[in-house]
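# Coordinate analysis (summary)
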Amino acid sequence: HELMVDDLPEGRLVTACFAVLSADGGISFLSAGQGPILVSSAATRSVRMLRPQGLPIGFLPQPRYAAPVSLSLEPGDVFMVLTDGFVEWRDSSGEQFGIERIEAVLAAHGDLPAAEIIAQLREAVLAFAAGTRQADDLTAVVVRRPVRGTGRSSAGLL
C-alpha cells in the first residue's frame with residue numbers, strides 16, 4: 001500500500017479487488033473500493049451485490065480494511081467484478097446503464113461460459129448507449145463454477 005501511494009500523483013486513487021479461488025468453489029476477496037461486485041446464484045436465479053471492504057488505495061494514508069469476504073460458489077454460480085464504466089455509461093438522454101441492467105444481464109445469461117457472459121454484457125451496454133461516447137474503461141472479470149459433469153470452471157476478462 002505505502003509503495004503504491006508514494007507513486008500516486010496528488011489527488012489520484014487506485015481501486016483494486018484481490019481474490020483467491022479454490023478448486024472446491026471457495027472464493028475469498030478483499031476490495032479496496034473496487035466495484036460493483038456481483039454474485040449470481042444458479043439455484044435461486046438471484047443476483048446480489050457485495051460491497052467493498054475498504055476505501056480505494058491512496059484515499060487515506062493508513063487505511064483500514066474489513067476482513068476479506070469468503071463465500072462458496074455452488075455449481076453454476078457466477079462471481080463478477082466490474083469497473084464503473086459499465087454502470088455509468090449514459091445514453092443520449094443522460095440515463096446511466098446502471099446496476100439493475102447489469103443484474104438483468106447476469107440473471108438472463110448466467111448459465112453461459114464466463115467469456116460469453118462478458119460478451120452479452122458488452123453487447124447490452126453498447127445497445128443501450130446507442131452510439132454515445134464511452135467516458136470510462138469497461139473492465140470485467142467473471143468466474144463461473146461449472147455445473148457437475150460439464151467440465152472445468154470458466155473465467156473471462158474484458
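Above this text sits the structure in question.
Residues numbered from 1 in each chain as written. Predicted model: local features only at pLDDT ≥ 70, side-chain atom pairs only at ≥ 80, totals over all residues. Heavy atoms only, no water.

### Describing the environment of R64
Note on placement: R64 falls in the loop between β4 (46-50) and β5 (69-72). For R64, a relative accessible area of 78% corresponds to the exposed category. Contact partners of R64, with chain neighbours within four places excluded, come to Q53 and G54. (Helix = DSSP H or I, 4+ residues; strand = E, 2+ residues; numbered from the N terminus. Buried < 20%, exposed > 50% of the residue type's maximum accessible area, 1.4 Å probe, protein only. Contact = heavy atoms within 4.5 Å.)

### Describing helix α3 (residues 98-109)
One turn of an α-helix holds 3.6 residues; hence residues three or four places apart share an orientation. In a regular helix each residue adds 1.5 Å, so twelve residues correspond to 16 Å; α3 covers 17 Å between its end C-alpha atoms and thus fits that length. Among all positions of α3, only G98, I99, I102, V105 and L106 are buried. Relative to the axis of α3, the buried residues are bounded by an arc of 160 degrees and lie together on one face. Looking at the packing, one finds that the buried side of α3 touches β3 (37-41), β4, β6 (78-82), α2 (84-88) and α4 (114-129). (Expected span 1.5 Å × (residues − 1). Arc of directions from axis to C-beta.)

### Some points on a nonpolar patch on the surface
The grouping of L13, L55, F59 and L60 at the surface amounts to a nonpolar patch, some 350 Å² of accessible area in total. Structurally, the position occupied by L13 is in the loop between α1 (2-7) and β1 (16-21). (Patch = residues over 30% accessible without salt bridge, like charges linked within 9 Å, V, L, I, M, F, W, Y side chains within 5 Å. Areas by Shrake-Rupley, 256 points an atom, 1.4 Å probe, with all protein chains shown as cover. Salt bridge = Lys/Arg side-chain N within 4 Å of Asp/Glu carboxyl O.)

### A look at the pattern of salt bridges
Under the defined criterion, the tally for this structure stands at one salt bridge. Of the charged contacts in the structure, one is a salt bridge between R101 and E95, with a shortest N-O distance of 2.9 Å. Residue R101 is classed as partly exposed on the basis of its relative accessible area, which comes to 31%. When its relative accessible area of 38% is taken as the criterion, E95 is described as partly exposed.

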